[in-house]
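# Topology and contacts: notes
Listed here are the chains, written in short residue letters.
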Amino acid sequence: MNALVNMAETEVPQNPLIPPIPEFVIGLIAFAIVFFFLWKKLLPSINKVLEERREAIEGGIEKAEAAQQEAADVLQQYKDQLAEARHEAARLRAEAQEQGAALIAEMRAEGQRQREEIIAAGHAQVEADRKQAAATLRQDVGKLATDLAGKLVGESLEDHARQSRVIDRFLDGLEEAAEADASGAAR
């Protein structure tokens, strides 16, 4: 044991960062074995998983871009449809206003026509009533005039033809007098 101690004392002190050569060779061989095992077995599996993940991410990005583009297209379609619907609504509103104005004008024209018909019918009715009243008045006045003339003359004027002539002369005289009074009042 003394020999070992002497040898340890006579040796040059070693650098703690540099391992002894036999340990270094064994470590290098062990590293090569582990490296070879990782390179042949583990590295392809890791690369495969990384490649799948990269493809999934790229596919996801492509899908997201496609979905985003599709969403933009659908949004544009909705905007176009909305603009078209607004345009259609404005057109329908304008058309309804035009139809309403036409209907109002038509109803006014119909009302005006009915009013004119009612006025014409009223005038015709008034004229018919006036003629009937004049005829009735003429008969009543004629009968009264005949009775009065019969009392004045002292004979009966029952002869219808004579009665009509007398009544007509009397009424014509009254009408002429009324016309003369009306023309004299107008002067």
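Residues numbered from 1 in each chain as written. Predicted model: local features only at pLDDT ≥ 70, side-chain atom pairs only at ≥ 80, totals over all residues. Heavy atoms only, no water.

As annotated in an unreviewed UniProt entry, the protein carries the name ATP synthase subunit b and comes from Streptomyces oryzae. Annotation of the protein in UniProt includes, under Subcellular location (unreviewed entry), the sentence "Cell membrane". What UniProt records for the protein under Sequence similarities (unreviewed entry) is the sentence "Belongs to the ATPase B chain family." (UniProt positions renumbered as here; feature names shortened; annotations may be inferred.)

Secondary structure assignment for the protein yields three helices and zero strands. Scanning the protein from its N terminus toward the C terminus, one meets helices and strands in the order α-α-α. Sorting the 187 residues of the protein into buried and exposed places 5% on the buried side. By element, 62% of the accessible surface of the protein is carried by carbon and sulfur atoms, the whole surface being about 16,500 Å². (Helix = DSSP H or I, 4+ residues; strand = E, 2+ residues; numbered from the N terminus. Buried < 20%, exposed > 50% of the residue type's maximum accessible area, 1.4 Å probe, protein only. Areas by Shrake-Rupley, 256 points an atom, 1.4 Å probe, with all protein chains shown as cover.)

What follows covers the UniProt feature "transmembrane region" (unreviewed entry) in the protein. Per the UniProt entry, the sites bearing "transmembrane region" (unreviewed entry) are residues 20-39 in this numbering. Across residues 20-39 one finds 95% helix and 0% strand; the C-alpha atoms that close the span lie 28 Å apart.

Okay, a nonpolar patch on the surface next. On the surface, a nonpolar cluster with roughly 1,200 Å² of combined accessible area is contributed by Ile21, Phe24, Val25, Leu28, Ile29, Phe31, Ile33, Phe35, Phe36, Trp39 and Leu43. Turning to its location among the elements, Phe31 is positioned in helix 2 (residues 21-153). (Patch = residues over 30% accessible without salt bridge, like charges linked within 9 Å, V, L, I, M, F, W, Y side chains within 5 Å. Salt bridge = Lys/Arg side-chain N within 4 Å of Asp/Glu carboxyl O.)

The next thing to look at is the pattern of salt bridges. Under the defined criterion, the tally for this structure stands at eight salt bridges. One continuous salt-bridge network, built from bridges that share partners, spans Glu51, Arg54 and Glu58.

Tallied over the full model, the rule gives two aromatic pairs. Ring centres of Phe31 and Phe35 lie 6.1 Å apart, and the angle between their planes is 20 degrees; this geometry places the pair in the stacked category. Of this pair, Phe31 and Phe35 both sit in helix 2, four residues apart, which is roughly one turn of that helix. Over the face of the ring belonging to Trp39 we find Lys40, whose NZ or CZ atom lies 4.9 Å from the ring centre. (Phe/Tyr/Trp six-rings, centres within 6.5 Å; stacked < 30°, edge-to-face > 60°. Lys NZ or Arg CZ within 6 Å of the ring centre and 35° of its normal.)

Looking now at the confidence of the model for the protein. Parts of the prediction with low pLDDT should not have their coordinates interpreted in detail. Looking at the protein, pLDDT values average 83 and 86% of them are 70 or higher. Taken element by element, the protein is modelled with least confidence in helix 1 (residues 2-10), mean pLDDT 56, and with most confidence in helix 2, mean pLDDT 89. (pLDDT = per-residue confidence, 0-100.)

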